[in-house]
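Spelled out from the first residue to the last, the chains are:
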Amino acid sequence: MLRGPERVAGLLRELQVHAQRDGVSLPVTSRTPYVNTIPPERQPDYPGDRDIERTIKSIIRWNAMAMVVEANSKSDGIGGHISTYASAATLYEVGFNHFFRGPNHPDGADIVYFQGHASPGMYARAYVEGRLPPAKLHNFRREMAKEGGLSSYPHPWLMPDFWQYPTVSMGLGPLMSIYQARFMQYLADRDLRPDTGRRVWAFLGDGEFDSPEASGAISLAARECLDNLTWVLNCNLQRLDGPVRGNGSVVQELEGLFRGAGWNVIKVLWGSDFDELFANDTEGVLAKRATEVVDGEYQKYSVAGGAYIRENFYGVDPRLSAMVADRSDDELWRMRLGGHDPVKVYAAYHAAVRHKGAPTIVLARTIKGYGLGEAGEGRNITHQQKKLNLDELLSFRDRFRIPLSDDEVISAPLYRPTPDSTESRYVAERLGAMGGHLPTRAPSYKPISPPSTEAYEEFSAGTGAREASTTMVFVRLLAKLLRDPEIGRLIVPIVPDEARTFGMEALFRQVGIYSHVGQLYEPVDSDTLLYYKESTDGQILEEGITEAGSLSSFIAAGTAYATHGLPMIPFYIYYSMFGYQRVGDLVWAAADSRTRGFMIGGTAGRTTLAGEGLQHQDGHSHLLFSAVPNCRAYDPGFAYEVATLIRDGIRRMYADGEDSFVYLTVGNENYAHPPKPDEPGVDEGILRGMYRFRRAAVEHPRARAQLLGSGAILNEAIKAQEMLAERYGVAADVWSVTSYTELRRDALDVERWNMLHPHEEPRVPYLTRQLSGLPGIVVAASDYVKTMSDAVAKWIPQPLISLGTDGFGRSEDREALRDFFEVDARYVTLATLYALAREGELDREIVSEALEDLEIDPAKANPRLA
Ligand SMILES: Cc1ncc(C[n+]2csc(CCOP(=O)(O)OP(=O)(O)O)c2C)c(N)n1
Ligand SMILES: [Mg+2]
């Protein structure tokens, strides 16, 4: 029979059942009193040497402060943060010394998401570890310095050997860490990487929880039983401007939220200095008082001094006053909070890593700017504090007993104990025991050998008379790649509840939908061939309706080459409109993280997605992706283009190891796909952004033109070529432009090179080379905003007219939409005739005639703002 606390809990649970049956409505109990979750008698012994650890921590505190002060004295306004790390130092140090497994640990490294604004503390530790030279710290926030500098925040793009994941955009760290922990479980369930007890840690701010992204996936973490995930929430009760919940309690609010979601919540509120008081609190008055005080008041206690605390906190009840009668005001003020007490923090982590079946959040009470004293401790200005005057530096030195003389302190120098000091030896010993330095980013994986070209061959032949959409082509290719003996198992298809939209249901059966628990029910469609198959080794990540979560999975899978030693190949397919514009900040984080993989924007094109209207029809995701430096964005129109782009992407990213990713739009319009033109340079053209698809065939033309078409609108350009030839005697070549972004990048690079090499033979952009010497004018038409083609206008030798889909979408069929947005074959024809007339190559009359012929009403609404 159970005894003690377990028995009490069991009895209460039984009582609850009885009470509910008899109609007694019980109060909601997701919040517990404002006391520590772990009582002193359950605390394990502290395994480290606390004195040495405290000295090391003080030195790290000093250096973290000094590097920010130095940076701002050299360059006023360069920024940086002192107070975030000051409040979190103990939370990190206990982790580094006793919990985080480093890259050389026999069971593999933990993944730690460091709070972005605490980065000076991480650099300071790396310096004390002897890993970063002083020159780097002197150049904090000066990345262009000759000796190299340090990034403001965690940025793997800028420090690829150091940082693993960017966190500084608040809310993204927590979200990404959940999907990372889930992805680790996925790899283990699919037998790709055994579960060796590696963990994901995320260090977060309490203000960060104002972001919906921060708490948006917590129910998933509980549902998926992610006991490999630990969140450490630094509850210093402050954000940038002031208190997080001045009139409430952020700890209590979050406890309720997380317990309700099924998390294990550990509150670390009071340090050991309070143990005796709580032990004597037999009537619960202290617990009650602690629970009723609001955060704004708690914040005041950290600055107002012991007399204020005695009067305002304890003074409300004579029994409380009596409890602290024998403590001086100074003692009352100095009593440490839980998050500053290594014993309490250790106990919390110790419990967290042993908790089974659910993730844990540690809610640790701290003081923002701890140790800054008058310079900012607990004050509303503290977040922005970047400079300390001499008195403040001296008192910081005294408080943390840094062995620097008064004279030395003036310049806030870095301080590192000598290599043979007790501290350095202790640091080295702990590093050895824990498996080395963190953070460390050290990709190590076996590059793949790309699938043979056979897999792609059928797409070069075209579809004959059979009609298909580029989405169908993509899905067919994906199904083939999934069967590839070498790379098939590395592929991670990710969908946010749109698989049927994209015709991917056959994959449900082929590779299964991943579920940690398998399938505990008989699916309603089990008698059909393509039933909804969930399984433990399922390959598809069916994320449900969360583009942010899906992108977080994309990042976890697309960085597995660096964090899990596996070159996983994510294909994330989604509604293109709900991509960048929904979760652009995560796309940026993916790029920074050096994520590799394919983002497939489905149902793409403002006029190609019929019926769905204004919020669904995407005509600008290419514009948005064009600003992501390491993303190659393509708008293919034909099957062989899709195949070439995917083949090349796999080779670049997974065989050659390029840190880039691909954005590909695919549409749902069905049409026949032609065979790949049998001309040299087509593959190169597809990849570089354009190639000639079909030359004009008009004898004795009246004029000549070049038509550029992209994606689904390529077919309109082809139809226009015929119209121009048959009705107007104009000979137009048709070019497929797969990527204006790539054409522009090439041209910009060439222009830059020419500017920097004035004495060398000037280079010519690829685009210019393709079109130079050709007669006539250029008309460019795509299903995206006109900016796409306008952005390359200056490198096109001929006059250019851009047709595109600027404006709000409409619920209509494709024909009406293309008429409305003026991108159909009629408009391509009209624009060509107009441009030729403008250049004096045709008579202006022909334009008026065409308007009539093509039934275009000059008074029609302007789609740009209709
Ligand atoms: C999405 C986003 N918005 C705004 C900021 C600017 N910002 C940086 S830190 C900060 C306050 C952080 O408060 P909290 O999360 O409580 O962290 P701590 O108190 O530990 O510094 C803000 C608003 C940001 N980094 N990201
Ligand atoms: Mg805070």
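Conventions used here
- Residues numbered from 1 in each chain as written.
- Chains lettered and ligands numbered in written order.
- Predicted model: local features only at pLDDT ≥ 70, side-chain atom pairs only at ≥ 80, totals over all residues.
- Heavy atoms only, no water.
- Helix = DSSP H or I, 4+ residues; strand = E, 2+ residues; numbered from the N terminus.
- Rg over C-alpha atoms; globule rule 2.2 N^0.38 Å.
- Buried < 20%, exposed > 50% of the residue type's maximum accessible area, 1.4 Å probe, protein only.
- Contact = heavy atoms within 4.5 Å.
- Areas by Shrake-Rupley, 256 points an atom, 1.4 Å probe, with all protein chains shown as cover.
- Lys, Arg positive; Asp, Glu negative; His and termini not counted.
- Charge placed at Lys NZ, Arg CZ, Asp CG, Glu CD.
- 1 Å grid on protein atoms, 1.4 Å probe; cavity = no way out; pocket = protein on both sides within 12 Å on 5 of 7 lines; lining within 4 Å.
- Points joined across faces, edges and corners; volume = space filled by probe spheres on them.
- Nonpolar A, V, L, I, M, F, W, Y, C, P; charged D, E, K, R; others polar.
- Arc of directions from axis to C-beta.
- Pairing = 2+ DSSP bridges.
- Axes fitted to C-alpha atoms, helices over the stretch in contact; angles between N-to-C directions.
- Core = buried A, V, L, I, M, F, W, Y, C linked by side-chain atoms within 4.5 Å.
- Phe/Tyr/Trp six-rings, centres within 6.5 Å; stacked < 30°, edge-to-face > 60°.
- Lys NZ or Arg CZ within 6 Å of the ring centre and 35° of its normal.
- Salt bridge = Lys/Arg side-chain N within 4 Å of Asp/Glu carboxyl O.
- Parallel < 35°, antiparallel > 145°, perpendicular 65-115°, else oblique.
- Near = heavy atom within 4 Å.
- Polar contact = N/O pair within 3.5 Å; in protein donor to acceptor, adjacent residues only side chain to side chain.
- Donors = N, O, S within 2.8 Å, 3.2 Å for Na, K, Ca; no water.
- Expected span 1.5 Å × (residues − 1).

Caption draft 1: Looking closely at the overall build of the chain. A count of helices and strands for the chain gives 35 helices and 20 strands. In terms of overall dimensions, the chain is globule-like: its C-alpha atoms have a radius of gyration of 32 Å, near the 29 Å expected for 866 residues. Principal-axis analysis of the C-alpha atoms places the extent of the chain at approximately 110 × 75 × 55 Å. Counting the 866 residues in the chain, one finds 59% classified as buried. Sequence-distant contacts, at least 24 apart, represent 77% of the contacts inside the chain between residues at least 6 apart. Surface summary for the chain: the accessible area is close to 34900 Å², and the carbon and sulfur share equals 50%. Taking the 92 positively charged and 116 negatively charged side chains of the chain as two groups, their mean positions are separated by 4 Å.

Caption draft 2: Molecular detail of the layout of surface pockets. The space that makes up the largest pocket amounts to roughly 1200 Å³. Lining the largest pocket are 49 residues, with Trp333, Arg334, Arg336, Tyr370 and Arg399 sitting closest to its centre. Those elements giving two or more residues to the lining of the largest pocket turn out to be helix 2 (50–74), helix 12 (295–304), helix 13 (306–314), helix 15 (329–334) and helix 17 (390–400). For the lining of the largest pocket, the residue count by class is 20 nonpolar, 13 polar and 16 charged.

Caption draft 3: Highlighting helix 12. Residues of helix 12 that are buried: Asp295, Tyr298, Gln299, Tyr301 and Ser302. The arc enclosing the buried residues of helix 12, seen along the axis, measures out at 150°, which places them on a common side. Elements in contact with the buried residues of helix 12: helix 9 (250–261), helix 11 (285–292), helix 13, helix 15 and strand 5 (360–365). Looking at the residues trailing helix 12, positive phi occurs at glycine 305, about 95°.

Caption draft 4: Summary view of the sheet that holds strand 19 (residues 777–781). Strand order in this open sheet of 5 strands is 16-18-17-19-20, and the pairing throughout is mixed. The strands lining the two open edges of the sheet, one partner per strand, are strand 16 (690–694) and strand 20 (800–803). Strand-to-strand twist of the sheet, defined as the mean angle between neighbouring strand axes without regard to direction, takes the value 25°.

Caption draft 5: Here's a closer look at the nonpolar core. Residues Ile178, Trp231, Tyr314 and Phe625 are the most contacted members of the largest nonpolar core, which totals 177 residues. With 10 residues, helix 6 (residues 172–189) is the largest single contributor of residues to this core. In contact with phenylalanine 625, other than residues within four places in its own chain, are Tyr574, Tyr580, Val587, Met599, Cys631, Ala633, Phe661, Tyr663 and Arg745. Ranked by size, the runner-up nonpolar core spans 70 residues in total, among them Ile56, Ala64, Phe162 and Ala412.

Caption draft 6: Representation of the packing of aromatic side chains in the model. For the coordinates displayed, the defined rule picks out 52 aromatic pairs. Taken together, a centroid distance of 5.2 Å and an interplanar angle of 50° make the contact between tyrosine 575 and phenylalanine 578 tilted. When sorted by exposure, tyrosine 575 lands in the same class as phenylalanine 578, which is buried. Both rings, one in phenylalanine 638 and one in phenylalanine 693, keep their centres 5.3 Å apart while their planes meet at 45°; by these two values the pair is tilted. On the criterion of sequence distance, the pair formed by phenylalanine 638 in the loop between strand 13 (631–634) and helix 27 (639–655) and phenylalanine 693 in strand 16 is long-range, its members being 55 residues apart. Of the two residues examined, phenylalanine 638 and phenylalanine 693, each falls in the buried class. Directly above the aromatic system of tyrosine 153 lies the positively charged group of arginine 141, at a separation of 5.2 Å from the ring centroid.

Caption draft 7: Broad picture of the pattern of salt bridges. Tallied over the entire structure, the rule returns 49 salt bridges. The salt bridge partner of lysine 676 is aspartate 683, with a shortest N-O separation of 2.6 Å. The partner of aspartate 746 in a salt bridge is arginine 688, with the nearest N and O atoms 3.3 Å apart. Placement of aspartate 746 in helix 30 (residues 740–756) and of arginine 688 in helix 28 (residues 682–688) is noted, with a sequence separation of 58 residues between them. Judged by its relative accessible area of 18%, aspartate 746 falls in the buried class. Among the ionic contacts, a cluster of salt bridges with common partners joins Arg632, Asp648, Arg651, Arg652, Asp656 and Glu658.

Caption draft 8: Just the packing of helix 11 against helix 13, in detail. Where helix 11 contacts helix 13, the axes come no closer than 11 Å and their chain directions differ by 100°. In this view, helix 11 runs roughly perpendicular relative to helix 13, as classed from their interaxial angle. On helix 13, the residues touching Leu286, Arg289 and Ala290 of helix 11 are Asn312, Phe313 and Tyr314. For the contact of helix 11 with helix 13, the class distribution of residues is 4 nonpolar, 1 polar and 1 charged.

Caption draft 9: Fine view of the site of ligand 1. If you check the shell around ligand 1, you find 17 residues, and the closest are Thr84, His117, Asp206, Gly207 and Lys368. Contacts to ligand 1 include valine 168, whose backbone N or O atom sits 3.0 Å from a nitrogen atom. In isolation ligand 1 has 590 Å² of accessible area, and contact with the protein removes 73% of it. A breakdown of the residues in the shell around ligand 1 according to their chemical character gives 3 nonpolar, 10 polar and 4 charged.

Caption draft 10: Spatial organisation of the coordination of the magnesium ion (ligand 2). Here the magnesium ion (ligand 2) is held by the protein donor atoms Asp206 (OD), Asn236 (OD1) and Gln238 (O), which lie 2.0 to 2.1 Å from it. For the magnesium ion (ligand 2), the single-chain donor residues occur in sequence as D-x29-N-x1-Q. Of the two residues, asparagine 236 and glutamine 238, both sit in the buried class.

Caption draft 11: Main features of the side chain of threonine 471. Within the secondary structure layout, threonine 471 lies in helix 21 (residues 470–482). Assessed through its relative accessible area of 4%, threonine 471 is described here as buried. In contact with threonine 471, not counting residues within four places along its chain, are Phe502, Val666, Gly667 and Asn668.

Caption draft 12: Geometry of helix 23 (residues 547–558). Along its 12 residues, helix 23 runs 16 Å from first to last C-alpha, staying within 8% of the 16 Å computed at 1.5 Å per residue. Within helix 23, 12 of the 12 residues are buried, which leaves the element mostly enclosed by the surrounding structure. What helix 23 keeps buried is the set Glu547, Ala548, Gly549, Ser550, Leu551, Ser552, Ser553, Phe554, Ile555, Ala556, Ala557 and Gly558.

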